[in-house]
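# Structure assessment
Here are the chains, one letter per residue:
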Amino acid sequence: MKRHMMVRLRPRLEPLLVLFTGLILFGAPAARAEALKPDILFLMPDQMRGDCLSLLGHPVVRTPQLDKLAQEGALFRRAYSTCPSCIPARHSLLTGLFPATSGVVGYAARPITYPTLPKMLSDTGYTTLLVGRYMHQKPAEESYGYQKEIRGSTYVAGDDYDTFLKQAAPETGGIRSLVAKLGVSFNGWQAKPWPLADDLHPTAWIVRQARKTLTEVPAEKPLFLTTSFFSPHPPLFPPKRYFDAYMARKLPAPAHGDWVDWQALSPVGDKVGHRVLLEGDTLHATEAGYFGLIQYLDEQIAPLITEFKERSRKAKRPWVIVFTSDHGEMLGDHGFFRKCEPFEGAANIPFLIAGSPELGFKPGLRSLQPVCLEDVMPTLLELAGATCPKPMDGVSLLPVLRGKKQVVRECLHSEHAPCYSQQQAFHALTDGQFKYIWRPLDGTEHLFDLAKDPHEEHDLAKVASQSALVQQWRARLVTKLAKRPEGFSDGTSLIPGRPYPPLQERLKGKGPNSKAALLDQSE
């Protein structure tokens, strides 16, 4: 091995070398430094299951644009919402904090006083914009770091989309009136085709507004554009061409766990639409509506992605595209609908990250490591050259994206306080292969081998020969919950029946977040 040669420069050349080095490291124009910060397009559907990608071999859903993104970058197959309903999931996304750290452990909101992802990017020199579905925090009018918002929903009267719809189709009376007339609902499984022209659909409107912002925002500064969709969250009303196409096809049956008391379920469903036996024509229409919304979203984002990349190319700036959801949808699996559950349908989410070649991402990467929404913030902040606030529960995925060996975490904890019922509350652990679930109401346990049983149809907790494995996972949760204020664990055993409110004092210190109020808007 050759030794490095040490050469002593002549005295008169040393100042020149110092000057030249300084120009490279510190004296480059500010514009050059800004150019190295990537433009970021953050695409976020609402309530999209992690398995609804044709790249994953879904039997009917076709998502060519998302497949292409995955081929250009990385697909994290074991990505989870650590508190799978809208409010807590988006709180974790905005702050990078686990529910146990923030204290938002269920479907309730409190004002965020912690630095948020868009605020940190704004402070770093980014133009930060949100188009579409807002982040469902409290107070509702707070932007949490977005310098401009163009809001569009399917249930908020008077937002930008509702105002547009009333002008473009006054006979509808606005989006809330249209939903009621159509016979669908904001949270239910009823499905109908969209009754108006496709370009009036909320998904089309959101993409159109996002594309417009690309032409209006000056390219001198790096851009963080969040394009946030309400689809495929109910109302289930895709364009007629997609609804009809799926109605004409054979659609997959829901997961059918051998641990479920199927006799206790009814096709009518419970009061909150959480436990239901979806079957026959009802199930078929529900799936057609849900799958149709996903395929329409995939179709619509194509020109947005193309124009975003071209804008960055012209600005001589790298680009990053992130696609993920706040949580999934049970869609009849195991007799459940909606979210707030630990099972794959509700907790597992799509998680794609792609970047321009100069960022050095490994194309076509597939990872089975457990990752979560909290990881988005540190990943994007590192790409932007910003320092993460502390504490930070999320982990930057940049080494993984570049093909380096990195253990993101050994195990991921998720939870949800009671929302639909006391029985619904859960704590769960997964390492990407096994998933252990504990119900704090009565101590019910489940254990699934996701590698062999991806639909969680066979509960190993009911198998006597697996008792030692169940005990290992139980012990991990005992340790995880030992310092929780609810008293779920005494350090040696799990303790069921403890009170489990959706808002807690922050576990890492107290502060202004201790004052909270429930958010009373529909999700």
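Above this note sits the structure.
Reading guide: rules and limits
Residues numbered from 1 in each chain as written. Predicted model: local features only at pLDDT ≥ 70, side-chain atom pairs only at ≥ 80, totals over all residues. Heavy atoms only, no water. Helix = DSSP H or I, 4+ residues; strand = E, 2+ residues; numbered from the N terminus. Buried < 20%, exposed > 50% of the residue type's maximum accessible area, 1.4 Å probe, protein only. Contact = heavy atoms within 4.5 Å. Areas by Shrake-Rupley, 256 points an atom, 1.4 Å probe, with all protein chains shown as cover. Pairing = 2+ DSSP bridges. Axes fitted to C-alpha atoms, helices over the stretch in contact; angles between N-to-C directions. Phe/Tyr/Trp six-rings, centres within 6.5 Å; stacked < 30°, edge-to-face > 60°. Lys NZ or Arg CZ within 6 Å of the ring centre and 35° of its normal. Polar contact = N/O pair within 3.5 Å; in protein donor to acceptor, adjacent residues only side chain to side chain. Salt bridge = Lys/Arg side-chain N within 4 Å of Asp/Glu carboxyl O. Core = buried A, V, L, I, M, F, W, Y, C linked by side-chain atoms within 4.5 Å.

### Examining the overall build of the protein chain
If you tally the helices and strands in the protein chain, you get 15 helices and 14 strands. Counting only residues that meet the buried cut, the protein chain has 58% of its 523 residues in that class. Sequence separation of at least 24 residues holds for 70% of the intrachain contacts in the protein chain that already meet a minimum separation of 6. Surface accessibility of the protein chain: about 21,800 Å² in total, with carbon and sulfur atoms responsible for 56%.

### Re the sheet that holds strand β4 (residues 127-132)
One open sheet accounts for 8 strands, arranged β5-β4-β6-β1-β7-β8-β2-β9; its pairing is mixed. Taken across any chain shown, the strands that pair with only one partner, and hence form the sheet edges, are β5 (148-151) and β9 (365-367). Averaged over all neighbouring strand pairs, the angle between strand axes comes to 10°, with direction disregarded. Of the strand pairs in this sheet, strand β2 (residues 74-76) and β9 are connected by 3 bridges, and their pairing is parallel. Looking across to β9, one finds that Ala74 is bridged to Leu365. Its contacts with the sheet put helix α3 (residues 64-72) on β2, β7 (319-324), β8 (351-355) and β9, and the angle it makes with β8 is roughly 60°.

### Focus: the pairing of β8
Most of β8 sits inside the fold, with 5 of its 5 residues counted as buried. Residues of β8 alternate between two faces, with Phe351, Ile353 and Gly355 on one and Leu352 and Ala354 on the opposite face, all of them buried. Across 2 bridges, β2 lies against β8 in antiparallel orientation. If you follow Ala74 over to β8, its bridge partner there is Ile353. Two elements, β7 and β8, share 5 bridges in a ladder whose sense is antiparallel. Within β8, the residue paired with Val322 across the bridge is Ile353.

### Focus: the packing of aromatic side chains
Here the distance between the centres and the angle between the planes together describe a pair of aromatic rings. According to the stated counting rule, one finds 18 aromatic pairs in the structure shown. Ring geometry for Tyr290 against Phe291: centres 6.1 Å apart, planes inclined by 65°, an arrangement best described as edge-to-face. A single burial state applies to Tyr290 and to Phe291, both of which are buried. One aromatic cluster is present, built from ring pairs that chain together Trp259, Phe336, Phe343 and Phe448. The ring of Phe336 carries the charged tip of Arg275 above its face, separated from the ring centre by 3.8 Å. Looking at Arg476, its charged tip hangs above the ring of Trp473, at a distance of 4.5 Å from the centre.

### Remarks on the side chain of Arg484
By the element assignment, Arg484 lies in the segment after α15 (467-480). Relative accessible area serves as the criterion here: at 7%, Arg484 is assigned to the buried category. Side chain to side chain, Arg484 and Glu415 meet in a polar contact 2.8 Å long. Within the structure, Arg484 has its side chain in polar contact with the side chain of Glu486 (distance 2.8 Å).

### Some words on the sheet that holds strand β11 (residues 412-416)
The 4 strands are arranged β11-β12-β13-β14 in an open sheet whose pairing can be described as antiparallel. Among the strands making up the open sheet, the edge pair consists of β11 and β14 (445-449). The average undirected angle you get between the axes of adjacent strands in this sheet is 15°. Here 5 bridges tie β11 to strand β12 (residues 426-430), and the two strands are oriented antiparallel to one another. Opposite Leu412, over in β12, you have Thr430 as the bridge partner. Relative to the sheet, α15 contacts β11, β12, β13 (434-438) and β14, its axis offset from that of β13 by approximately 65°.

### A closer look at the pattern of salt bridges
Scanning all chains against the criterion turns up 25 salt bridges. Arg90 is the salt-bridge partner of Asp46, the closest N and O atoms lying 3.2 Å from each other. Within this pair, whereas Asp46 is found in strand β1 (residues 39-46), its partner Arg90 is found in helix α4 (residues 86-95), the two being separated by 44 residues in sequence. The residue Glu415 makes a salt bridge to Arg484 at a minimum N-O spacing of 2.8 Å. One end of the pair, Glu415, is in strand β11; the other, Arg484, is in the segment after α15, and 69 residues separate them in sequence. For Glu415, a relative accessible area of 1% gives the class buried.

### Notes on the nonpolar core
Counting residues in hydrophobic clusters, the biggest one holds 66 residues, and the most contacted among them are Leu43 and Phe291. In terms of residue count, the dominant contributor to this core is helix α11 (residues 280-314) (12 residues). Apart from residues no more than four positions distant in its own chain, Leu43 is found in contact with Thr227, Phe229, Ile301, Leu304, Ile305, Ile321, Val322, Phe323 and Thr324. Core analysis: the second largest hydrophobic core is formed by 44 residues, Ile40, Ile112, Ile353 and Leu401 among them.

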